[in-house]
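Descriptive analysis of the structure
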Amino acid sequence: MSQSILCQTPTRGWVNLAYARQIQFRKIHIHMSWQFACRITWSNGDRETFFGKDAQAIAQTWKHYTKS
């Protein structure tokens, strides 16, 4: 893979979205409140979920990338 889609999250460090097979955004109910969440299925089949500011950073990076 020659291209990188780098995103720096506030609490989890750098994430390369170029290795994502699928990205899903949604609001979920956690601890009696709604939080923004991002679930990524990576190219190797592993899944990882990001919450709050991390999910927002990924959404912003992905939005910027898909508009280019």
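All of these numbers come straight from a predicted model, not from anything done at the bench. Sequence order as written defines the numbering, with residues in each chain counted from 1. pLDDT decides what is reported in this predicted model: residues at 70 or higher carry local features, side-chain atom pairs at 80 or more are listed and counted, and totals for whole chains, interfaces and linings draw on all residues regardless. Only hydrogens and water are set aside when side-chain values are computed; all heavy atoms of the structure are taken into account.

A word on the overall build of the chain
Note the following rule: Labels follow the DSSP assignment, with helices taken as runs of H or I lasting at least four residues and strands as runs of E lasting at least two, numbered in each case from the N terminus. For this measure, only C-alpha atoms enter the radius of gyration; the expected value for a globule follows 2.2 Å times N^0.38, where N is the number of residues. We call two residues in contact when some of their heavy atoms are within 4.5 Å. Per-residue and other accessible areas follow the Shrake-Rupley method at a 1.4 Å probe size, with only the shown protein chains counted as cover for residues.
Along its length, the chain carries one helix and five strands. Element order for the chain, N to C, with α for helix and β for strand: β-β-β-β-β-α. For a compact globule of 68 residues, the expected C-alpha radius of gyration is about 11 Å, and the chain comes in at 12 Å, within 12% of that figure. When its C-alpha atoms are laid out on the principal axes, the chain stretches across 45 × 25 × 20 Å. Nonlocal contacts in the chain, meaning residues at least 24 apart in sequence, comprise 30% of its contacts between residues at least 6 apart. Of the roughly 5,000 Å² that the chain leaves accessible, carbon and sulfur atoms contribute 49%.

Observations regarding helix 1 (residues 52–67)
Since the α-helix packs 3.6 residues into each turn, any two residues three or four apart lie on the same face. Operational definition: The span expected for a helix works out to 1.5 Å for each residue beyond the first. For each residue, the accessible area found with a 1.4 Å probe, counting protein chains only, is set against the maximum for its type, and the residue is called buried under 20%, exposed over 50%, and partly exposed in between.
Taking 1.5 Å as the rise per residue, helix 1 with 16 residues should run 22 Å; its terminal C-alpha atoms sit 23 Å apart, in good agreement. Those residues of helix 1 that sit buried are Asp-54, Ala-55, Ala-57, Ile-58, Ala-59 and Thr-61. The elements touched by buried residues of helix 1 are strand 1 (6–9), strand 3 (20–30), strand 4 (33–42) and strand 5 (47–51).

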